[in-house]
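Each chain, letter by letter, is given below.
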Amino acid sequence: PAARRLGAIGGSLLAWLLVLVAAQASDRPFRWRWSNPAPHGGNVFDMTYGFGLTVQVCERGQIYTSEDLLLWHPRTSGTTNALRATTFFNNRLLVTGESGTVVWADSLEDFQLLDLGTADWLEGVAASGTLAVAVGDNGAAYTSTTGTNWTRETTGFTTWLRGVTAGNNLFVAVGEGGRIATRAANGNWSVETSGTVQHLNRVAFIGSQFWAVGDAGTVLVAN
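How would you summarise the overall build of the protein chain if you had to cite specific residues and measurements?
Of regular secondary structure, the protein chain possesses one helix and 19 strands. In the protein chain, which comprises 223 residues, the share counted as buried stands at 41%. Considering only contacts in the protein chain between residues 6 or more positions apart, those separated by 24 or more positions represent 36%. Within the structure as shown, the protein chain displays about 12,500 Å² of accessible surface, and the carbon and sulfur contribution to it stands at 55%.

As structure tokens, this is what we get:
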């Protein structure tokens, strides 16, 4: 009967379509996502928030973003180097890390990778409205007005730096052995007296004050 023949033809076409889809799927690489424990398995070194988006940077070039702090999306950074710090520079996302690695993005689907040609790890990055500063090993300090081109500055010391922040027309960096250094608007770096030899790990500008935190419960505050 005609109906039976049409049914057989339809079944045959469906079978061929399933084979074709399976063949095409086998040509595409699988994309694996971290399932457990939530939210993901990367060691997180820094986190920033802006434009309704939270960004975490992790080991082996991992970047995760979330709009609700529940669902985290992996992003393609273009590197397997450790990523140590992140900030927003106006509308641009900046990430710094191992061996002079800098990653910048204007879109979550298009991260651009830079190599600053140094073995120094860039452990901290911060931005004002007009300038971005990255700091790290051996007193390294790099500045950029775009986030895409960076210049190394002379700090006058070789202490390893671990964090940096912007506020009151200054950039303040902190590091090992209680090191605190400030960068003035004219680009000059000055060493400040911290009163501690404990390693300082992070610094933030909150309200009208700079806060630094470090080893052994160290907390410093300055206007």
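Can you lay out the layout of surface pockets for me, pointing to particular residues and giving the numbers?
Estimated volume of the largest pocket: approximately 240 Å³. Among the secondary structure elements, those contributing two or more residues to the lining of the largest pocket are strand E14 (170-175), strand E15 (180-183), strand E18 (209-214) and strand E19 (219-222). Residues belonging to the lining of the largest pocket are distributed by class as follows: eleven nonpolar, four polar and one charged.

Just give me the short version of unusual backbone geometry, but keep the residues and values in it.
Of note in the backbone geometry, arginine 60 takes a positive phi value of approximately 50 degrees without being a glycine. By the secondary structure assignment, arginine 60 is in the loop between strand E2 (53-58) and strand E3 (63-66). Take arginine 60: its relative accessible area is 57%, and that puts it in the exposed class.

What counts as what
- Think of each chain on its own: its residues are numbered from 1, step by step along the sequence as written.
- pLDDT decides what is reported in this predicted model: residues at 70 or higher carry local features, side-chain atom pairs at 80 or more are listed and counted, and totals for whole chains, interfaces and linings draw on all residues regardless.
- Excluding hydrogens and water, the side-chain values take into account all heavy atoms of the structure.
- Each helix corresponds to a stretch of at least 4 residues labelled H or I by DSSP, and each strand to a stretch of at least 2 residues labelled E; elements are numbered beginning at the N terminus.
- Three labels apply to residues, based on accessible area from a 1.4 Å probe with only protein chains included: buried if under 20% of the type maximum, exposed if over 50%, partly exposed otherwise in between.
- By definition, residues are in contact when any of their heavy atoms lie within 4.5 Å.
- Per-residue and other accessible areas were derived by the Shrake-Rupley procedure at a 1.4 Å probe size, with only the shown protein chains allowed to occlude residues.
- We place a 1 Å grid over just the protein atoms. Points where a 1.4 Å probe fits but has no way out form a cavity, open points with protein on both sides within 12 Å along at least 5 of 7 lines form a pocket, and any residue with an atom within 4 Å of a point lines it.
- Grid points are joined across faces, edges and corners, and a volume is the space filled by probe spheres set on the points.
- Note on residue categories: nonpolar means Ala, Val, Leu, Ile, Met, Phe, Trp, Tyr, Cys or Pro, charged means Asp, Glu, Lys or Arg, and polar means any other residue, Gly included.

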